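Reading the structure
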Amino acid sequence: MARFIEASEFDESAAANLRYSVVGYGNQGRAHALNLRDSGRQVVVGAREGGYGYRQAVTDGFEPVSIAEAVNSGNVVMLSLPDMVLPEIWSSDIEPNLASGQTLLFAHGFNVVYELIDFGGKIDIGLVSPKGAGAKLRSEFLEGRGLA
C-alpha cells in the first residue's frame, strides 16, 4: 500500500549509516548522486562502462561500477534509468542482485504505476520524482533549497 513519508518520520542518524547506490548517471542520477555525496552519504554509482554517464561519473570523482555491483552493494538503490530500458535491465542486472531489506527508489514512475516490473514483495519501493530536471534539482541543492 502506498503512503507518503513525512519529514518528521525521517531518522537522519539511521540514514547517515546507509550505503546509497545510484544506478544511471544521466540528468536525474547525477543530481541525486552528487547531492547525496555532498550530504555526507556513502554513494556508489552504477553505470555502463564506456557510456556517457560512466565518463561523467569519473569526471565528478566517482569510481563507477557495473549496475549489478551497484545494486548488490546498496542499502538504498536509486534507479534513475529511462523507463523504456528499465524492464530489460531489471531482468538482467537489477532483480537478480536485490536482497531482502533493501529499499529501491525510482526517479521515474511509469514502470511502477503500470506494474511493468514484478517486485516479488521482498523489498520496499519508493518513488522519488522531483518536480524538475536533475540540473534544477542540483542547482537548488547548491543554494540550500529543494524543489517544491
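Above this text sits the structure in question.
Here goes a summary of the coordinates provided. Since we're looking at a predicted model, the values are computed, not measured.

Here helix H2 (residues 27-38) crosses helix H7 (residues 134-142) at 20°, and the two axes come no closer than 7 Å. By the angle between their axes, H2 is roughly parallel relative to H7. Contacts between H2 and H7 pair Asn27, Gln28, Ala31, His32, Leu34, Asn35 and Asp38 from the former with Gly134, Ala135, Leu137, Arg138, Phe141 and Leu142 from the latter. A per-class count over the contact of H2 with H7 returns 6 nonpolar, 5 polar and 2 charged.

Moving on: the layout of surface pockets. Space inside the second largest pocket adds up to approximately 370 Å³. Considering the residues around the second largest pocket, the lining is formed by 18 residues, among which Gly24, Tyr25, Arg48, Leu81 and Pro82 are closest to the centre. Where the lining of the second largest pocket is concerned, the elements lending two or more residues are H2 and helix H3 (52-59). Of all the elements, H3 adds the most residues to the lining of the second largest pocket, at 3 residues. Residue composition of the lining of the second largest pocket, grouped by class: 9 nonpolar, 8 polar and 1 charged.

Moving on, we get to the packing of aromatic side chains. Within the structure shown, the criterion is met by 2 aromatic pairs. With a centroid separation of 5.8 Å and an interplanar angle of 70°, the aromatic rings of Tyr25 and Phe62 are classed as edge-to-face. With Tyr25 in the loop between strand S1 (19-23) and H2 and Phe62 in the loop between H3 and helix H4 (67-73), this residue pair connects regions lying 37 residues apart in the sequence. This pair shows no difference in class: Tyr25 is buried, exactly as Phe62 is. Ring geometry for Phe110 and Tyr114: centres 4.9 Å apart, planes at 45°, overall tilted. Seen from the ring of Phe62, Arg37 lies directly overhead, with NZ or CZ sitting 4.3 Å from the centre.

What follows covers the side chain of Ser21. Looking at the secondary structure, you find Ser21 in strand S1. Its relative accessible area of 1% is what places Ser21 among the buried residues. Once residues lying within four places of it in the same chain are set aside, the contact partners of Ser21 are Val44, Ala70, Ser73, Gly74, Val76, Val77 and Met78.

For the rest of this paragraph, the subject is a nonpolar patch on the surface. On the surface, Phe110, Val113, Tyr114 and Leu116 cluster together into a nonpolar patch covering about 430 Å² of accessible area. Taking relative accessible area as the criterion, Leu116 reaches 47% and is therefore assigned partly exposed.

So, on to the pattern of salt bridges. Counted according to the given criterion, the structure contains 5 salt bridges. The salt bridge partner of Glu12 is Arg41, with a shortest N-O separation of 2.4 Å. Within this pair, whereas Glu12 is found in helix H1 (residues 12-16), its partner Arg41 is found in the loop between H2 and strand S2 (42-46), the two being separated by 29 residues in sequence. By relative accessible area, Glu12 is classed as partly exposed at 45%. Residue Arg41 is classed as buried on the basis of its relative accessible area of 13%. Put simply, Arg30 and Asp60 hold a salt bridge, and the shortest N to O gap is 2.6 Å. With a gap of 30 residues between them, Arg30 in helix H2 and Asp60 in the loop between H3 and H4 connect regions that are remote in the sequence. Classification of Asp60 by relative accessible area gives buried; the value is 15%.

What counts, and at which threshold
Residues numbered from 1 in each chain as written. Predicted model: local features only at pLDDT ≥ 70, side-chain atom pairs only at ≥ 80, totals over all residues. Heavy atoms only, no water. Axes fitted to C-alpha atoms, helices over the stretch in contact; angles between N-to-C directions. Helix = DSSP H or I, 4+ residues; strand = E, 2+ residues; numbered from the N terminus. Parallel < 35°, antiparallel > 145°, perpendicular 65-115°, else oblique. Contact = heavy atoms within 4.5 Å. Nonpolar A, V, L, I, M, F, W, Y, C, P; charged D, E, K, R; others polar. 1 Å grid on protein atoms, 1.4 Å probe; cavity = no way out; pocket = protein on both sides within 12 Å on 5 of 7 lines; lining within 4 Å. Points joined across faces, edges and corners; volume = space filled by probe spheres on them. Phe/Tyr/Trp six-rings, centres within 6.5 Å; stacked < 30°, edge-to-face > 60°. Buried < 20%, exposed > 50% of the residue type's maximum accessible area, 1.4 Å probe, protein only. Lys NZ or Arg CZ within 6 Å of the ring centre and 35° of its normal. Patch = residues over 30% accessible without salt bridge, like charges linked within 9 Å, V, L, I, M, F, W, Y side chains within 5 Å. Areas by Shrake-Rupley, 256 points an atom, 1.4 Å probe, with all protein chains shown as cover. Salt bridge = Lys/Arg side-chain N within 4 Å of Asp/Glu carboxyl O.

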